[in-house]
Amino acid sequence: MNLKDKVAVVTGGASGLGLATVTRLVEKGAKVVIFDLNEAKAKEAVEQLGENVQYAIVNVSDEESVQTGMKQVIETFGAIHICVNCAGVGTPGKTLGKKGVLPLENFNKIIDINLAGTFNVLRLAANEMVNNEPLTDSGERGVIINTASVAAFDGQMGQAAYGASKAGVAGMTLPVARDLSEFGIRVNTIAPGLFLTPLANTLPEHIIKKLGDSVEFPKRLGRPSEFAELATFIMEQEYLNGEVIRLDGGIRMAPR
Ligand SMILES: NC(=O)c1ccc[n+]([C@@H]2O[C@H](COP(=O)([O-])OP(=O)(O)OC[C@H]3O[C@@H](n4cnc5c(N)ncnc54)[C@H](O)[C@@H]3O)[C@@H](O)[C@H]2O)c1
């Protein structure tokens, strides 16, 4: 898909990997609506990136909230061609820790945002994409990119909920790609390793270095711009579908 003048929804687009993706999309001539709960950061992004970026305060795990957000995108930019799901939370918690058993509520909350939230947004985005005229000779109408994590495959201690949520995102990639193939909508997932997002940036220098050293090569944390470049490559490369791609410098996470 040629990205010029296409319309994208990026959840979690106010920060980190999502914000880098919004920035890259704008550089490529696309229009973007950020779906996020952090209004201050979303506003800041719009101020910096100009009139081709808008935001909607959307909770990805709330059906009505996402429906309202989608309506806003159609009213503002007329269509949805691209959906990138970056909204996510990673609160750790051991199954059985010093404070006792992990409350089910904590587990469910992470599943609700990371897994059900991703599905909620992608299904409603697909419901708009089907209205697009085919964009290519093959009949492509849209592209969806989800964000899992290497924790989907090698989750660490305390990541039962997070790892399960991200394994769910990885696991639904192929079946959703199959479901949407008849409409010309592709679905792929990126599984990032350790990235230098705002959260990691608050860590002391020596901890950042230690984390970087745990990567096979290159020995550093990933740059959000590298995630964004892979995301836009997936959008542009029509033959890539139903795939989960690790972007992690070859890291395999240790138990802790
Ligand atoms: N940073 C990493 O190293 C890393 C590694 C692997 C996977 N990931 C995944 O990448 C994604 C982005 O991570 P990041 O580091 O950029 O995080 P981040 O915290 O910088 O950004 C996440 C954004 O999602 C938003 N958000 C949270 N819950 C939401 C909800 N219910 N509805 C709408 N928006 C919501 C937040 O407000 C925030 O702006 C997440 O899914 C994360 O699990 C990150």
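Keep in mind that this is a model prediction, so the values were computed, not measured. (Residues numbered from 1 in each chain as written. Predicted model: local features only at pLDDT ≥ 70, side-chain atom pairs only at ≥ 80, totals over all residues. Heavy atoms only, no water.)

Notes on the pattern of salt bridges
Per the counting criterion, the structure on display carries eleven salt bridges. For Glu63, the salt bridge identified is with Arg123, shortest N-O distance 2.9 Å. Taken as a pair, Glu63 in helix α3 (residues 63-77) and Arg123 in helix α4 (residues 104-129) lie far apart in primary sequence, 60 residues in all. The shortest N-O distance in the salt bridge between Glu226 and Arg220 comes to 2.7 Å. (Salt bridge = Lys/Arg side-chain N within 4 Å of Asp/Glu carboxyl O. Helix = DSSP H or I, 4+ residues; strand = E, 2+ residues; numbered from the N terminus.)

Here we look at the pairing of strand β8 (residues 185-192)
Extensive coverage of β8 is indicated by the burial of eight of its eight residues. Burial along β8 is two-sided: Ile185, Val187, Thr189 and Ala191 facing one way and Arg186, Asn188, Ile190 and Pro192 facing the other are all buried. Pairing analysis gives six bridges linking strand β7 (residues 142-147) to β8, with the strands arranged parallel. Bridge pairing in β8 links Asn146 to Thr189. (Buried < 20%, exposed > 50% of the residue type's maximum accessible area, 1.4 Å probe, protein only. Pairing = 2+ DSSP bridges.)

Quick notes on the site of the ligand
Close to the ligand lie 25 residues; Ser15, Leu17, Asp36, Tyr162 and Phe195 are nearest. At 2.6 Å from an oxygen atom of the ligand is found a side-chain nitrogen or oxygen belonging to Asp36. Within the contact set of the ligand, an oxygen atom lies 2.8 Å away from a side-chain nitrogen or oxygen of Lys166. When the ligand sits alone it has 830 Å² of accessible area, and the protein chains cover 84% of it. (Near = heavy atom within 4 Å. Polar contact = N/O pair within 3.5 Å; in protein donor to acceptor, adjacent residues only side chain to side chain. Areas by Shrake-Rupley, 256 points an atom, 1.4 Å probe, with all protein chains shown as cover.)

Comments concerning the layout of surface pockets
In this approach, a probe sized like a water molecule rolls over the atoms, and the result shows the empty space that is left. The computed volume of the second largest pocket comes to approximately 270 Å³. What lines the second largest pocket is a set of 18 residues, among which Thr91, Pro92, Gly93, Leu102 and Asn106 lie closest to the centre. At the level of elements, β6 (100-101) and α4 are the ones that each hand at least two residues to the lining of the second largest pocket. Per-element tally for the lining of the second largest pocket: the top contributor is α4, with four residues. Tallied by class, residues from the lining of the second largest pocket come to eight nonpolar, six polar and four charged. (1 Å grid on protein atoms, 1.4 Å probe; cavity = no way out; pocket = protein on both sides within 12 Å on 5 of 7 lines; lining within 4 Å. Points joined across faces, edges and corners; volume = space filled by probe spheres on them. Nonpolar A, V, L, I, M, F, W, Y, C, P; charged D, E, K, R; others polar.)

Side note on the sheet that holds β7
One open sheet accounts for seven strands, arranged β3-β2-β1-β4-β7-β8-β9; its pairing is parallel. The sheet is open, and its two borders are formed by β3 (53-57) and β9 (244-247), each paired with just one other strand. Strand-to-strand twist across the sheet, computed as the mean angle between neighbouring axes with direction ignored, equals 20°. Direction of pairing for strand β1 (residues 7-11) relative to strand β2 (residues 31-36): parallel, over a ladder of five bridges. Along β2, the bridge assignment pairs Val10 with Ile34. Of the strands in this sheet, β2 and β3 touch helix α2 (residues 39-49), which is tilted by about 170° from β3. (Axes fitted to C-alpha atoms, helices over the stretch in contact; angles between N-to-C directions. Contact = heavy atoms within 4.5 Å.)

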